[in-house]
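Letter by letter, the chains look like this.
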Amino acid sequence: MENFSAYLLLALRLLLALALYAFLGWTFYIIWRDLRQQAESLTHLRVPPLLISQIGENGLGEQLRFTAPEIVIGRHPNCEWVLANETVSTKHARLLFHHDQWWLEDLHSRNGTFLNEQILTSPVVLANDDRVRCGQVNFDIRFEELSKK
């Protein structure tokens, strides 16, 4: 009988320890998930609008304003900026806002992505008034200042 009660007490202790670790694991998971959601929502709030001026053959072109943290450029209809030009790949390049900076990345395009006439081989940080070329399409990049509240 003493042996049975010792095993029962051991089993209860193990169940209690497992329940405690499960509770702690669940608590840390909930905290991590909430912090991640807050970080994502804050990132979306702080994205400075991006002004893109496409340069046409006569030097003038359309001006676009983007507020999303990621802009895919290409011929595919699902791209955020669709360029109907044969020298532009289906998914040519990506503009991405992270770490409080706008980045430009070539998406393995056929005719290359150029920043200030230098071909991209890896993602680079953009500066105000940078000139970008995707295939034969040229455009200028400008950052719009966020208003302080």
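Source: prediction; values computed, not measured.

Side chains of a nonpolar character, in soluble globular proteins, are inclined to be buried together. Membership of the largest hydrophobic core comes to 23 residues, with the highest contact counts inside it found for Trp81, Leu95 and Phe139. Those elements that place two or more of their residues in this core are strand S1 (50–55), strand S2 (63–66), strand S3 (70–74), strand S5 (93–98), strand S6 (101–106), strand S10 (131–134) and strand S11 (137–143). Once you skip the residues sitting within four places of it in the chain, leucine 95 turns out to touch Leu50, Ile52, Pro69, Glu70, Ile71, Ile73, Trp102, Trp103, Leu104, Leu126 and Ile141.

The strands that make up a sheet pair up through hydrogen bonds in the backbone, lying either parallel or antiparallel. Taken in spatial order, the 5 strands make up an open sheet running S4-S3-S5-S6-S9, and their pairing is mixed. Two strands close off the open sheet at either side, each with one partner strand: strand S4 (81–82) and strand S9 (124–125). One ladder, built from 4 bridges, connects S3 with S5; its direction is antiparallel. Note on S5: the bridge partner recorded for isoleucine 73 is alanine 93.

Analysis parameters
- Residues numbered from 1 in each chain as written.
- Predicted model: local features only at pLDDT ≥ 70, side-chain atom pairs only at ≥ 80, totals over all residues.
- Heavy atoms only, no water.
- Core = buried A, V, L, I, M, F, W, Y, C linked by side-chain atoms within 4.5 Å.
- Buried < 20%, exposed > 50% of the residue type's maximum accessible area, 1.4 Å probe, protein only.
- Helix = DSSP H or I, 4+ residues; strand = E, 2+ residues; numbered from the N terminus.
- Contact = heavy atoms within 4.5 Å.
- Pairing = 2+ DSSP bridges.

Just distances and angles here, no functional claims.
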